[in-house]
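So you can see what is in the structure, the chains are spelled out below.
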Amino acid sequence: MRFIHLADLHIGKSVNGFSMLEEQRNAFRQILEYIRTERPAAVVIAGDVYDRASPGVEAVRLFDDFLTELAGENTAVLLISGNHDSPERLGYAGRLLADRRLYLCGSFDGALRDVALDDEFGRVHFRLLPFIKPSILRGKTVSGEASDESGREIESYGDALEAALAASDIDCAARNVLVSHQFYTRAGIEPVRSESEMNPVGGLDAVDAGLIEKFDYAALGHLHGAQSVGAEHIRYAGSPVKYSFSEWRQKKSVTLVELREKGNITITALPLVPLRDMREIRGELEELLGSDKFTDAGATARAGRDDYLRVILTDEDEIIDPMGKLRSVYPNVMALDFENSRTRADMLNILPDAGAAETLSPYELFGEFFLDTQGAAMSAEQAKIVRELLETEDEG
Ligand SMILES: [Mn+2]
């Protein structure tokens, strides 16, 4: 059986005030072309369909167009909600649409949902797990049973996953494909993170990928760079479009999986080409504008002048209206930074910690603030309250 694995569509997302709808429509067009040539039995979307819980009209319309075209291609569509989606809104009309082989798994109902598809080797069980937080399973124990004195209470994201798996009847002799949107990690492997992923609780949402290695394939969403976690068959498809400058060197793709008899699997990344790439360029203003000497750096930068750019100007002298000047040549400059002897001197003067602030999660930042002002770290109970508040905030 062949299927296509997508994730983190984030339909409706804007980056630095620029709508990504046109890029998203372009990516969907290419995905549909792949579906017409590869003829997959299913398309799996592993969460973060929309960028926010209440998507705008244009976003809903684009996804409606995409689903309608998919329905015309004789392929099943299976999707789960991610941490950015509203489970209820995404699951709307799910029971009706299952008749049309469109399986919308928005809300978690206590166990993984099983959607079975057949091929020449027998049955493949797609196990759909929407994004879950420990609070969803409150009152249960890790064994999947109701709380009592004997069972271990659910505290972490790992506990929640263990409980969800325990409550699901999974036959490991059959072929099983997990569809999930948790943050899976493995000791000793540093995940490729992106600034466009939302990470309100630092690393506390991490789950050991060892818990899911028995699946024949894990179709994951959440990390925006395509990558596998310790084993090739445990894989994040990545977002189809670049959503932050931290991703500018990435190549975006969708994943084609060919699952034959148990244990025989082939995984291929199918590349996606953006309308406008997202890039960083660096140099002096005159050089980048091409009005002075025609250098290699300037020529390379101007090759894709419609691209979404982060420009780093290295001029030593003050420039009047640098953004206006840049946009006269590069209409889609998204961000502008300076790097010269002054900014380097400033860097030496600021507190050593200040640069780290951008890479810290809100939870970690609050932890440092608390430590600075209170002279002691948060207690376990205080830390729990802060995490819960941040999760509520995260739900919008
Ligand atoms: Mn995402």
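How each quantity is defined
- Residues numbered from 1 in each chain as written.
- Predicted model: local features only at pLDDT ≥ 70, side-chain atom pairs only at ≥ 80, totals over all residues.
- Heavy atoms only, no water.
- Helix = DSSP H or I, 4+ residues; strand = E, 2+ residues; numbered from the N terminus.
- Rg over C-alpha atoms; globule rule 2.2 N^0.38 Å.
- Contact = heavy atoms within 4.5 Å.
- Areas by Shrake-Rupley, 256 points an atom, 1.4 Å probe, with all protein chains shown as cover.
- Salt bridge = Lys/Arg side-chain N within 4 Å of Asp/Glu carboxyl O.
- Donors = N, O, S within 2.8 Å, 3.2 Å for Na, K, Ca; no water.
- Buried < 20%, exposed > 50% of the residue type's maximum accessible area, 1.4 Å probe, protein only.
- Patch = residues over 30% accessible without salt bridge, like charges linked within 9 Å, V, L, I, M, F, W, Y side chains within 5 Å.
- Lys, Arg positive; Asp, Glu negative; His and termini not counted.
- Charge placed at Lys NZ, Arg CZ, Asp CG, Glu CD.
- Domains from an automatic or database assignment.
- Buried area = accessible area lost by both parts, 1.4 Å probe.
- Polar contact = N/O pair within 3.5 Å; in protein donor to acceptor, adjacent residues only side chain to side chain.
- Nonpolar A, V, L, I, M, F, W, Y, C, P; charged D, E, K, R; others polar.
- Phe/Tyr/Trp six-rings, centres within 6.5 Å; stacked < 30°, edge-to-face > 60°.
- Core = buried A, V, L, I, M, F, W, Y, C linked by side-chain atoms within 4.5 Å.
- Pairing = 2+ DSSP bridges.
- Axes fitted to C-alpha atoms, helices over the stretch in contact; angles between N-to-C directions.

Asker: Before we move on, can you summarise the overall build of the protein with the specific residues and values?
Answerer: Across its full length, the protein holds eleven helices and 19 strands. Taken against the 2.2 N^0.38 rule, which gives 21 Å for 396 residues, the C-alpha radius of gyration of the protein at 23 Å falls within 12% of a compact globule. Here the C-alpha coordinates of the protein stretch approximately 70 × 60 × 40 Å along the principal axes. Sequence separation of at least 24 residues holds for 70% of the intrachain contacts in the protein that already meet a minimum separation of 6. Surface exposure of the protein reaches about 19,500 Å², of which carbon and sulfur atoms provide 51%.

Asker: Which residues make up the pattern of salt bridges, and what values go with them?
Answerer: Applying the stated criterion across every chain yields a total of 27 salt bridges. Across the pair glutamate 162 and arginine 152 runs a salt bridge whose closest N-O atoms are separated by 4.0 Å. Placement of the pair is glutamate 162 in helix 5 (residues 157–166) and arginine 152 in the loop between strand 8 (122–128) and helix 5, with a sequence separation of ten residues. Salt bridges linked by common partners bring Arg2, Glu38, Glu258 and Arg260 together as one network.

Asker: Provide a residue-level description of the coordination of the manganese ion, including the pertinent values.
Answerer: Geometry reference: four tetrahedral donors at a metal, ideal angle 109.5 degrees. Six octahedral donors, ideal angles 90 or 180 degrees. Binding of the manganese ion to the protein goes through Asp8 (OD), His10 (NE2), Asp48 (OD) and His224 (NE2), at separations of 2.1 to 2.4 Å. Coordination of the manganese ion draws on donor residues from a single chain, spaced D-x1-H-x37-D-x175-H in sequence. Within this pair, whereas aspartate 48 is found in the loop between strand 4 (42–46) and helix 2 (57–71), its partner histidine 224 is found in the loop between strand 12 (217–220) and strand 13 (227–229), the two being separated by 176 residues in sequence. You'll find aspartate 48 and histidine 224 in the same group, each marked buried.

Asker: Quick rundown of the environment of proline 134? Include the residues and the values.
Answerer: Following the sequence through the fold, proline 134 ends up in the loop between strand 8 and helix 5. Residues proline 134 and alanine 218, 84 residues apart in the sequence, show an inter-C-alpha distance of 21 Å. Setting aside anything within four residues of it in sequence, one finds proline 134 in contact with Ile154, Glu155, Ser156, Tyr157 and Ala160.

Asker: Which residues make up a negative patch on the surface, and what values go with them?
Answerer: A cluster of acidic side chains, namely Glu284, Glu286, Glu316 and Asp317, defines a negative patch on the protein surface. Tracing the chain through its elements places glutamate 284 in the loop between strand 17 (278–283) and helix 6 (285–289). Overall, glutamate 284 belongs to the partly exposed group, its relative accessible area being 39%.

Asker: So what's going on with the domain arrangement of the protein? Residues and values would help.
Answerer: According to the domain assignment, the protein contains domain 1 (2–271), domain 2 (278–347) and domain 3 (350–394). The distance between the C-alpha centroids of domain 1 and domain 2 comes to 38 Å. With ten residues of domain 1 at the interface, the matching set in domain 2 holds eleven residues. Together domain 1 and domain 2 conceal approximately 970 Å² of surface at their shared face, both sides included; 73% is due to carbon and sulfur atoms. Run the count over domain 1 and domain 2 and you get two residue pairs in polar contact (both at pLDDT 80 or more). Considering only residue class, the side of domain 1 that touches domain 2 consists of five nonpolar, three polar and two charged.

Asker: Account for the packing of aromatic side chains, with residues named and values stated.
Answerer: A full pass over the atoms with the stated rule returns eight aromatic pairs. Between phenylalanine 3 and tyrosine 217 the ring centres are 5.7 Å apart and the planes differ by 70°, which places this aromatic pair in the edge-to-face class. Of this pair, phenylalanine 3 sits in strand 1 (residues 2–6) while tyrosine 217 sits in strand 12, placing them 214 residues apart in sequence. Of the residues examined, phenylalanine 3 reaches a relative accessible area of 0% and is grouped as buried. With relative accessibility at 0%, the residue tyrosine 217 sits in the buried group.

Asker: I'd love a proper account of the nonpolar core, names of residues and values included.
Answerer: Formed by 28 residues in total, the largest nonpolar core has its most connected members in Leu6, Ile11, Ile45, Phe63 and Phe66. Elements with a minimum of two residues in this core: strand 1, helix 1 (21–38), strand 4, helix 2, strand 5 (76–80), strand 6 (102–105) and strand 15 (253–259). Among the elements that line this core, the one with the most residues is helix 2, at six residues. Apart from residues lying up to four places away in sequence, isoleucine 45 is in contact with Leu6, Leu9, Phe63, Phe66, Val77, Leu78, Leu79, Ile80 and Val179.

Asker: Break down unusual backbone geometry for me, citing the residues and quoting the values.
Answerer: Of note in the backbone geometry, asparagine 16 takes a positive phi value of approximately 50° without being a glycine. By the element assignment, asparagine 16 lies in the loop between strand 2 (14–15) and strand 3 (18–19). Residues other than glycine seldom take positive phi values, yet asparagine 74 does so here, at roughly 55°. Inspection of the secondary structure puts asparagine 74 in the loop between helix 2 and strand 5.

Asker: Please give an account of the sheet that holds strand 18 (residues 308–313) that cites residues and values.
Answerer: Within a sheet, each strand pairs with its neighbour through backbone hydrogen bonds, oriented either parallel or antiparallel. Spatial strand order, 17-18-19: three strands in an open sheet with parallel pairing. In this open sheet, the two edge strands, each paired with only one partner strand, are strand 17 and strand 19 (333–338). Averaged over all neighbouring strand pairs, the angle between strand axes comes to 15°, with direction disregarded. Bridging between strand 18 and strand 19 involves five bridges; their strand directions are parallel.

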